[in-house]
Amino acid sequence: MSAPHESVTGTGSNVKPVTYFGPDFPFAYDDWLKHPAGLGHVPAERHGTEVAIVGAGMAGITAAHELMKLGLKPVVYESGRFGGRLRSQPFEGAEGVIAELGGMRFPVSSTAFYHYVNGMGLSTNPFPNPLDEATPSTVIDLEGVSTYVEKAADLPPFFKEVAAAWSEALEDYAQFGAIQEAIRNRDVKAVKEIWNRLVPLWDDRTFYDFLATAPSFANKSFRHLEAFGQVGFGTGGWDTDFPNSMLEILRVVITNCDEHQRYVVGGVEQVPRRLWRDEPEKLVHWPAGTSLAKLHSGATRPGVTRLKRLGADRFSITDRWGHVRDYSAVLVTGQSWLLTTHMETDESLFSHKLWMALDRTRYMQSSKTFVMVDRPFWKERDPKTGRYPFSMTLTDRLSRGTYLFDNGPDKPATICLSYSWMSDALKMLPLPVDKRVKLILGALRKIYPDLDIEKHIIGDPITVSWETDPNFLGAFKGALPGHYRYNHRMYCHFMQDDLPPSERGIFLAGDDVGWTPGWVEGAVTTALNAVWGIVHHLGGVTATDNPGPGDRFDDLKPLALPE
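These numbers were taken from a predicted model, which means no experiment stands behind them. (Residues numbered from 1 in each chain as written. Predicted model: local features only at pLDDT ≥ 70, side-chain atom pairs only at ≥ 80, totals over all residues. Heavy atoms only, no water.)

Novice: Sorry, what's going on with the overall build of the protein chain here?
Specialist: Within the protein chain, the secondary structure is distributed over 19 helices and 22 strands. The C-alpha radius of gyration of the protein chain comes to 24 Å, within 12% of the 24 Å expected for a compact globule of 563 residues. Across its three principal directions, the C-alpha atoms of the protein chain cover 75 × 55 × 45 Å. Across the 563 residues in the protein chain, those meeting the buried criterion constitute 58%. Look at the contacts in the protein chain between residues 6 or more apart in sequence, and 73% of them connect residues 24 or more apart. With an accessible surface of roughly 21,900 Å², the protein chain has 52% of that area assigned to carbon and sulfur atoms. Mean positive and mean negative side-chain charge positions of the protein chain (58 and 69 charges, respectively) differ by 2 Å. (Helix = DSSP H or I, 4+ residues; strand = E, 2+ residues; numbered from the N terminus. Rg over C-alpha atoms; globule rule 2.2 N^0.38 Å. Buried < 20%, exposed > 50% of the residue type's maximum accessible area, 1.4 Å probe, protein only. Contact = heavy atoms within 4.5 Å. Areas by Shrake-Rupley, 256 points an atom, 1.4 Å probe, with all protein chains shown as cover. Lys, Arg positive; Asp, Glu negative; His and termini not counted. Charge placed at Lys NZ, Arg CZ, Asp CG, Glu CD.)

Take a look at the structure:
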């Protein structure tokens, strides 16, 4: 259910878009990326210097690609699958039909990420969210009652009341309209004034607290709040986030991460894979035609098992086969728990306060199950009822969220039968894929008793539970109340001039280092922070007319709460 909080001031093409501009660190990464001066320069004597990149997800490959362009030699290590949680799993026997097991919907406000999507020549389509223009119909099934709608205007009054209550709560408690206007105008002062007032108010309070105490919900029935949790706003139900810090939710809606989402045609994993093979036109030091793939002779190095400091500017990395290499700088992009559980990491590399933040990171469980079907049969109206026979479905049943993907007239279609989180995902955890499919189909049969989905299924189903993957241990971070200080320590770590020498030269990036975990923009922007940090660490500088995030840090830095 898409809430009507995406209002704009003014009309027409002159209205500035909401982008991922802060609110904690309002730096214009998109402008930095597209500036003709580039991201910086390293001294000539540093050209060819090897920098270790631990992890070949979007953060690691973004950083490696940019460091290569500056004349450094990234050496990428990967212990699992290339692409990290941008995992596009092909269905066997079908060309170009995939299941997006990780990130699958990408808001257009993620302008740094789209810099690479567009730069790699990839196409995107509107994501079939509930009540989206790309979605022929939506069914909301709660407490055994199903509501069929094709447009938001068709929603019954009850759901409109829920949506209006959410919009009112955002305005009453978070100055939603004012901060979005400041983001549209890239008004740093206004963004920081509003956001810095909100941080101490909502760091230690939950999403549920925000809703339950907001006058717009307090004046409604419990059923309104319950329906909001089940059906949600924009992308679907958010009750699994009710225990999270409200700051995390505010960041998502303020930057329109929950609105105007698209998917990458052919799979989002193409983005890091194309960056891996890309031969940039503007290269320092390296000959024309150089790519990350060529620098690595076609493959990443094995997973890392040990991180050790050798001296002020030297690090030792040991891979799973016992090979040891030394580096001048290291970037770690995997989930923070892996530094404790999967790598023998020198404790002295990070302060005890940073270790506290890394180890207290809380990851959320997530499960998806996909099937391939012979055609997008849901687009064929039932001649008796005039309705579409199957819809994007939000329900309180086991399946929770069901999404429908049309891959084109000459290809089979795809159904994400179930997309669930936390306790709903844990219900699936011990079950094999066939059992998962049967249970989900059983739940959907109660909503669509006259529809035989099974007869359309072809090929083998695909499923994932991220918490069982030893390289992830969960889908992404979900910050709890009181975690702002931990996130602040991780995010600001790329600024290292004030650190003792024993803690410099190793950097962190990834969406769980960023302020909006689970969104790829956080992976990209923290990777760019690390690029600036590595260049600075190696004696490099940025162009005076294109300052980087570290150059602007004192003006833009996130609010520090007292320890």
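Novice: Is there a simple way to explain helix 5 (residues 176-184) in this structure?
Specialist: Quick reminder: α-helices carry 3.6 residues per turn. Residues three or four places apart thus point the same way. Of all the residues in helix 5, the buried ones are Phe176, Ile179, Gln180, Ala182, Ile183 and Arg184. Two residues or fewer past helix 5, Arg186 is found with a positive phi of approximately 50 degrees.

Novice: Would you mind showing me how to read the packing of helix 3 (residues 111-119) against helix 18 (residues 520-537) here?
Specialist: A pair of packed helices is captured by two measures, namely the crossing angle of their axes and the spacing between those axes. At a minimum axis distance of 8 Å, the contact between helix 3 and helix 18 shows a crossing angle of 90 degrees. By the criterion of interaxial angle, the relationship of helix 3 to helix 18 is roughly perpendicular. For the pair formed by helix 3 and helix 18, the contact residues are Thr111, Ala112, Phe113 and Tyr116 on the first element and Val520, Glu521, Val524, Thr525 and Leu528 on the second. By residue class, the composition of the contact of helix 3 with helix 18 is six nonpolar, two polar and one charged. (Axes fitted to C-alpha atoms, helices over the stretch in contact; angles between N-to-C directions. Parallel < 35°, antiparallel > 145°, perpendicular 65-115°, else oblique. Nonpolar A, V, L, I, M, F, W, Y, C, P; charged D, E, K, R; others polar.)

Novice: Just to check I follow, could you spell out the packing of helix 14 (residues 352-360) against helix 17 (residues 484-491) for this structure?
Specialist: Look at helix 14 against helix 17: their axes get within 9 Å of each other, and the N-to-C directions meet at 115 degrees. Comparing their axes, helix 17 and helix 14 come out roughly perpendicular. Here the hand of the crossing between helix 14 and helix 17 comes out left-handed. From helix 14, Lys353, Leu354, Met356, Ala357, Leu358 and Arg360 reach across to helix 17, where they touch Tyr486, Arg489 and Met490. Residue composition of the contact of helix 14 with helix 17, grouped by class: six nonpolar, no polar and three charged. (Left-handed = near helix turned anticlockwise from the far one by under 90°.)

Novice: I would appreciate a short explanation of the pattern of salt bridges in the present structure.
Specialist: Two side chains carrying opposite charge are able to pair once their charged atoms lie near each other. Counted under the stated rule, the structure contains 30 salt bridges. Between Lys353 and Glu563 there is a salt bridge whose closest N-O contact spans 3.7 Å. With Lys353 in helix 14 and Glu563 in the segment after helix 19 (553-556), this pair connects stretches of sequence that are 210 residues apart. Residue classification places Glu563 among the exposed positions, given a relative accessible area of 65%. Here Arg400 makes a salt bridge to Asp424, at a shortest N to O gap of 2.7 Å. Of this pair, Arg400 sits in the loop between strand 17 (392-395) and strand 18 (401-405) while Asp424 sits in helix 15 (residues 422-426); the two residues are 24 residues apart in sequence, bridging distant segments of the chain. When sorted by exposure, Arg400 lands in the same class as Asp424, which is buried. (Salt bridge = Lys/Arg side-chain N within 4 Å of Asp/Glu carboxyl O.)

Novice: I tried to follow the state of the cysteines on my own but got confused; where do I start?
Specialist: Two cysteines, two sulfur atoms, one covalent bond between them: this is a disulfide. This structure, assessed with the given rule, holds zero disulfides. Of all cysteine sulfurs in the structure, the one in Cys492 sits closest to Cys257, which takes part in no disulfide; the separation is 19 Å. Unpaired in this structure, Cys416 has its nearest cysteine sulfur neighbour in Cys257, at a distance of 20 Å. Since its relative accessible area comes to 0%, Cys416 is described here as buried. (Disulfide = S-S within 2.5 Å.)

Novice: Where do I start with the sheet that holds strand 9 (residues 261-264) in this structure?
Specialist: The strand order 5-9-6 describes an open sheet built from three strands, whose pairing is antiparallel. On the outer flanks of this sheet lie strand 5 (106-107) and strand 6 (124-126), each paired with one strand and no other. (Pairing = 2+ DSSP bridges.)

Novice: What should I look at first to understand the environment of Thr135 in this one?
Specialist: When you line up the elements, Thr135 lands in the loop between strand 6 and strand 7 (138-142). The spacing of Thr135 and Leu499 is 364 residues in sequence and 51 Å in space, taken between C-alpha atoms. Excluding residues within four positions of it along the chain, Thr135 makes contact with Pro128, Asn129 and Met392. A polar atom in the side chain of Thr135 sits 3.4 Å from the backbone oxygen of Pro128. (Polar contact = N/O pair within 3.5 Å; in protein donor to acceptor, adjacent residues only side chain to side chain.)

Novice: I'm lost on the pairing of strand 12 (residues 324-327) in this one. Help?
Specialist: Successive residues of a regular strand alternate their side chains across the two faces of the sheet. In the sheet, strand 11 (residues 314-319) pairs with strand 12 via four bridges, with the strands oriented antiparallel. Pairing of Ile317 across the sheet is with Arg325, part of strand 12. Here strand 11 folds back onto strand 12, and the loop between the two strands holds four residues, one of which, Gly322, carries a positive phi near 90 degrees.

Novice: Would you mind showing me how to read the sheet that holds strand 2 (residues 73-77) here?
Specialist: Strand-to-strand pairing in sheets goes through backbone hydrogen bonds, with the strands running parallel or antiparallel. As summarised here, the arrangement of the four strands in space is 2-1-13-22, forming an open sheet in which the pairing is parallel. Each end of this open sheet is capped by a strand with a single partner; those strands are strand 2 and strand 22 (506-508). Neighbour-to-neighbour, the strand axes of this sheet turn through a mean angle of 20 degrees, independent of strand direction. Where strand 1 (residues 50-54) meets strand 2, five bridges bridge the pair, whose relative direction is parallel. Looking across to strand 2, one finds that Val54 is bridged to Tyr77.

Novice: Looking at this model, I keep getting lost on the side chain of Glu521. Mind explaining?
Specialist: Along the chain, the position of Glu521 falls in helix 18. One buried charged residue, Glu521, remains without a salt bridge, the closest side chain of opposite sign being Arg186 at 7.9 Å. Not counting residues up to four positions away in its chain, the partners in contact with Glu521 are Tyr20, Ser110, Thr111, Ala112 and Phe113.

Novice: Looking at this structure, how should I read the nonpolar core?
Specialist: Considering soluble globular proteins, one finds that nonpolar side chains tend to be buried as a cluster. In terms of nonpolar packing, the biggest core is built from 135 residues, with Phe113 and Trp166 touching the most fellow members. Looking at this core, the element that brings in the most residues is helix 18, giving 10 residues. In this structure, Tyr77, Val330, Phe350 and Trp355 belong to the second largest nonpolar core, which totals 25 residues. (Core = buried A, V, L, I, M, F, W, Y, C linked by side-chain atoms within 4.5 Å.)

Novice: I would appreciate a short explanation of empty space enclosed by the protein in the present structure.
Specialist: Rolled over the atoms, a probe sized like a water molecule indicates the empty space that remains. Using the criterion set out here, one finds seven cavities of 30 Å³ or more in the structure. Looking at the largest cavity, its volume works out to about 110 Å³. Within the lining of the largest cavity, the residues separate by chemical class into seven nonpolar, four polar and two charged. (1 Å grid on protein atoms, 1.4 Å probe; cavity = no way out; pocket = protein on both sides within 12 Å on 5 of 7 lines; lining within 4 Å. Points joined across faces, edges and corners; volume = space filled by probe spheres on them.)

Novice: Is there a simple way to think about helix 10 (residues 246-254) in this case?
Specialist: Burial of helix 10 is extensive: nine of the nine residues sit out of reach of the surface. Residues of helix 10 that are buried include every one of Met246, Leu247, Glu248, Ile249, Leu250, Arg251, Val252, Val253 and Ile254, and no others. Of the surrounding secondary structure, the elements contacted by the buried residues of helix 10 are helix 4 (157-174), helix 5, helix 6 (188-202), helix 7 (207-213), strand 21 (476-477) and helix 17. At the C-terminal side of helix 10, Asn256 shows a positive phi close to 60 degrees.

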